[in-house]
Amino acid sequence: MIKNIIFDLGGVIITLSQPQAVRRFEELGLKNAAQMLDAYTQQGIFGDLEAGRIDEETFRREFSKLIGREATIEECRHAWQGYALDVPPRNLDALERLRQQGYRLILLSNTNPCMMAWVNSPAFDGRGHGVDHYFDAMYLSYEMKVMKPDETFFRRVLMAEQVPPSECLFVDDGPRNVAAASQIGIHTFCPKNGEDWTHDIYEYLAN
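The structure contained in this document is the topic of the report that follows. All values reported here derive from a predicted model rather than from experimental measurement.

We now examine the packing of helix α1 (residues 18–27) against helix α5 (residues 73–80). The interhelical angle for the contact between α1 and α5, taken along N-to-C directions, is 155°, at an axis separation of 8 Å. Classified by the interaxial angle, the pair formed by α1 and α5 is roughly antiparallel. Residue-level contacts link A21, R24 and F25 of α1 to C76, H78, A79 and W80 of α5. Here the contact of α1 with α5 is built from residues that sort into 5 nonpolar, 1 polar and 1 charged.

What follows is the structure, encoded as structure tokens:
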């Protein structure tokens with residue numbers, strides 16, 4: 001019986017726009033932005049930031065070298081936050097409904113402090129709440145220093161939560177990520193980026 005729902009952030013709670021993020025980084029002077037900003041896994045200093053190998057200030061300094069001028073933290077955050085196309089209210093309503101129905105909600109995301117500066121702020125949902133308002137626990141790649149689809153990430157979450165994989169449903173728009181979770185016995189649901197999953201999720205919760 002599923003008691004815990006583990007959600008990805010980008011592509012599930014937030015609708016992602018890689019082109020918008022690429023455009024913002026290009027406007028700051030990054031010529032090869034499209035190569036460094038993958039839809040699922042970032043390259044170079046971008047990947048280092050999400051994996052927690054470097055902090056936000058180190059990213060700013062290294063990014064400044066790439067573009068040949070001093071970038072500000074605010075510029076870096078604005079560019080990273082270009083990944084967020086919107087936060088559909090239906091998703092937030094569904095999260096609140098699922099918690100009311102007794103499910104424990106867990107966020108598991110490959111993300112970074114530039115993105116989370118907005119996600120954790122009252123501006124996130126347009127209702128005065130950060131994302132933590134909707135979840136019982138959050139596990140973020142840059143804090144955990146491990147990234148999906150590494151199964152270590154999933155195992156560490158299960159250990160921290162002290163729950164068996166059979167009692168968990170993982171919702172992620174990345175096929176490689178759901179495949180990794182499935183390998184260790186977690187139930188999975190893979191909606192496409194921006195797709196309305198709020199009704200279909202109940203079919204998976206019935207398992």
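Turning to the pattern of salt bridges, a few remarks are in order. Here the structure, examined in full by the defined rule, presents 15 salt bridges. Across the pair D196 and R90 runs a salt bridge, and its minimum N-O distance is 3.4 Å. Of this pair, D196 sits in the loop between β7 (187–189) and α11 (201–205) while R90 sits in helix α6 (residues 89–100); the two residues are 106 residues apart in sequence, bridging distant segments of the chain. Judged by its relative accessible area of 33%, D196 is partly exposed. A salt bridge links D93 to R127, with the shortest nitrogen-to-oxygen separation between them at 3.0 Å. A residue pair is termed long-range when its members are at least 10 positions apart, and D93 in helix α6 and R127 in the loop between α7 (113–119) and β5 (137–140) qualify at 34 residues. Shared partners join several salt bridges into a network, and the residues in it are E57, R60, R61 and E70.

Here P122 shows up in the loop between α7 and β5. Spatially, the C-alpha atoms of P122 and F7 are 20 Å apart, while their sequence positions differ by 115 residues. In contact with P122, other than residues within four places in its own chain, are G128, H129 and G130.

Moving on: the side chain of R60. Structurally, R60 is set in helix α4 (residues 56–67). Exposure remark for R60: the relative accessible area of 13% places this residue in the buried category. For R60, the side chain forms a polar contact with the side chain of E57, separated by 2.9 Å. What R60 contacts, discounting residues up to four positions off in sequence, is E70, A71, T72, I73 and C76.

Following K148, the chain continues to P149 via a peptide bond in cis, the omega torsion being 10°. One non-glycine residue, K145, lies in positive phi territory at about 60°. Checked against the element boundaries, K145 lands in the loop between α8 (141–144) and α9 (151–161). When its relative accessible area of 55% is taken as the criterion, K145 is described as exposed.

The rules behind these values
- Residues numbered from 1 in each chain as written.
- Predicted model: local features only at pLDDT ≥ 70, side-chain atom pairs only at ≥ 80, totals over all residues.
- Heavy atoms only, no water.
- Axes fitted to C-alpha atoms, helices over the stretch in contact; angles between N-to-C directions.
- Helix = DSSP H or I, 4+ residues; strand = E, 2+ residues; numbered from the N terminus.
- Parallel < 35°, antiparallel > 145°, perpendicular 65-115°, else oblique.
- Contact = heavy atoms within 4.5 Å.
- Nonpolar A, V, L, I, M, F, W, Y, C, P; charged D, E, K, R; others polar.
- Salt bridge = Lys/Arg side-chain N within 4 Å of Asp/Glu carboxyl O.
- Buried < 20%, exposed > 50% of the residue type's maximum accessible area, 1.4 Å probe, protein only.
- Polar contact = N/O pair within 3.5 Å; in protein donor to acceptor, adjacent residues only side chain to side chain.

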